[in-house]
Amino acid sequence: MRSATITRKTSETEISVTLDVDGSGRYDNQTGVGFFDHMLDQLARHALFDMTVRADGDLHIDDHHTVEDTGIAIGQALAKALGDKRGIRRYGECALPMDDAQVRCALDLSGRPFLVWNVALPTQKIGTFDTELVREFFQALSTHGGITLHLDQVHGVNSHHIAEAAFKAVARALRDACEVDPRKADAVPSTKGTL
């Protein structure tokens, strides 16, 4: 079973993430940040991960610590669940349209975190959610999941659609990258022999 549970507690947040890579897209995400929960639901559903997130953060200040620390915990859970990454396809990509928006994602589960972020959300808020936190989430996910992650906005005018397209594109790319390659199920996909 490629699954993991991560608990992260700081003076700002207390977060628990349970992640099953070989799931069916079931989710139960409760962070106290409505729009963010909606995005996490999309991530689980379209990656076919079973994911449960519980977050208790300092929302009386703002949503920043909760969103960032959740990204850290999900990245750590993914890295732990994949272990030595034996048998995975490693790479994933998706060009995802959502109404006016299209976002392209290409990623590599390389163990070398790097975020390329070419996404411009035209508003500062989606409801009460600070749109700059979308990038913060993916930065944390990339860093702590060991993911080289490229996100490029092709077009889009609606911030909700752009953000959701980004989450769904990453989800679909993760789904492909985490899949077991039946032709090399016993090998780590690197000439170095390790990722």
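Just so you know, these numbers come straight off a predicted model, no measurement behind them.

Cut-off values and rules
Residue positions are counted from 1 within each chain, in the order its sequence is given. Local features are withheld for residues below a pLDDT of 70 in this predicted model, meaning they are given only at 70 or higher, and side-chain atom pairs are given and counted only at 80 or more; totals for whole chains, interfaces and linings count all residues. Excluded from the side-chain calculations are hydrogens and water; all other atoms, namely the structure's heavy atoms, are used. Strands are labelled as partners when DSSP assigns at least two bridges between them. A helix here means a DSSP run of H or I that spans at least four residues, while a strand means a run of E at least two residues long, and both kinds are numbered starting from the N terminus. All axes here are fitted lines through C-alpha atoms, helices being fitted over the stretch that makes contact, and every angle between N-to-C directions spans 0 to 180 degrees. Contact criterion: two residues are considered in contact whenever any of their non-hydrogen atoms come within 4.5 Å of each other. Stacked, tilted and edge-to-face pairs are distinguished by plane angle, under 30 degrees for stacked and over 60 for edge-to-face with tilted covering the rest, among Phe, Tyr and Trp rings (Trp via its six-membered ring) whose centres lie within 6.5 Å. When a residue's accessible area, from a 1.4 Å probe over protein chains only, is under 20% of the maximum for its type it is buried; when over 50% it is exposed; and in between it is partly exposed.

K.L.:
Just to check I follow, could you spell out the sheet that holds strand 5 (residues 91–98) for this structure?
P.N.:
As summarised here, the arrangement of the 4 strands in space is 5-6-10-7, forming an open sheet in which the pairing is mixed. Two strands close off the open sheet at either side, each with one partner strand: strand 5 and strand 7 (114–118). For this sheet, the mean angle separating the axes of adjacent strands, direction not counted, is 10°. For strand 7 and strand 10 (residues 148–155), the ladder comprises 5 bridges, and the chain directions are parallel. Across the sheet, residue Leu 115 finds its bridge partner in strand 10, namely Leu 149. Here helix 3 (residues 132–145) sits on the sheet and contacts strand 7 and strand 10; the angle it forms with strand 7, its principal contact strand, is near 155°. Here helix 4 (residues 159–178) sits on the sheet and contacts strand 5, strand 6 (101–108) and strand 10; the angle it forms with strand 5, its principal contact strand, is near 150°.

K.L.:
Help me out: how do you make sense of the packing of aromatic side chains in this one?
P.N.:
Summed over all chains, the structure comprises 6 aromatic pairs. Judged by centre distance (5.5 Å) and plane angle (70°), the ring pair of Phe 36 and Phe 137 falls under edge-to-face. Of this pair, Phe 36 sits in helix 1 (residues 34–47) while Phe 137 sits in helix 3, and the two are 101 residues apart along the sequence. Take Phe 36: its relative accessible area is 1%, and that puts it in the buried class. Relative to Phe 167, the ring of Phe 137 has its centre 5.2 Å away and its plane inclined at 25°; by these criteria the two rings are stacked. Taken together, the residues Phe 137 in helix 3 and Phe 167 in helix 4 connect sequence positions 30 residues apart. Accessibility assignment for this pair places Phe 137 and Phe 167 in one class, buried.

K.L.:
Before we go on, may I ask you to explain the sheet that holds strand 2 (residues 13–20) in this structure?
P.N.:
Here 4 strands make up an open sheet; going across it, the order is 1-2-4-3 and the pairing mixed. This sheet does not close on itself; its edge strands, each paired only once, are strand 1 (3–9) and strand 3 (27–30). The sheet shows a mean angle of 5° between the axes of neighbouring strands, taken without regard to direction. The sheet contact formed by strand 1 and strand 2 spans 7 bridges and is antiparallel. Looking at strand 2, one finds that Lys 9 is bridged to Glu 14. Against the sheet, helix 2 (residues 64–82) makes contact with strand 1, strand 2 and strand 4 (50–57), and its axis sits at roughly 35° relative to strand 2, the strand it touches most.

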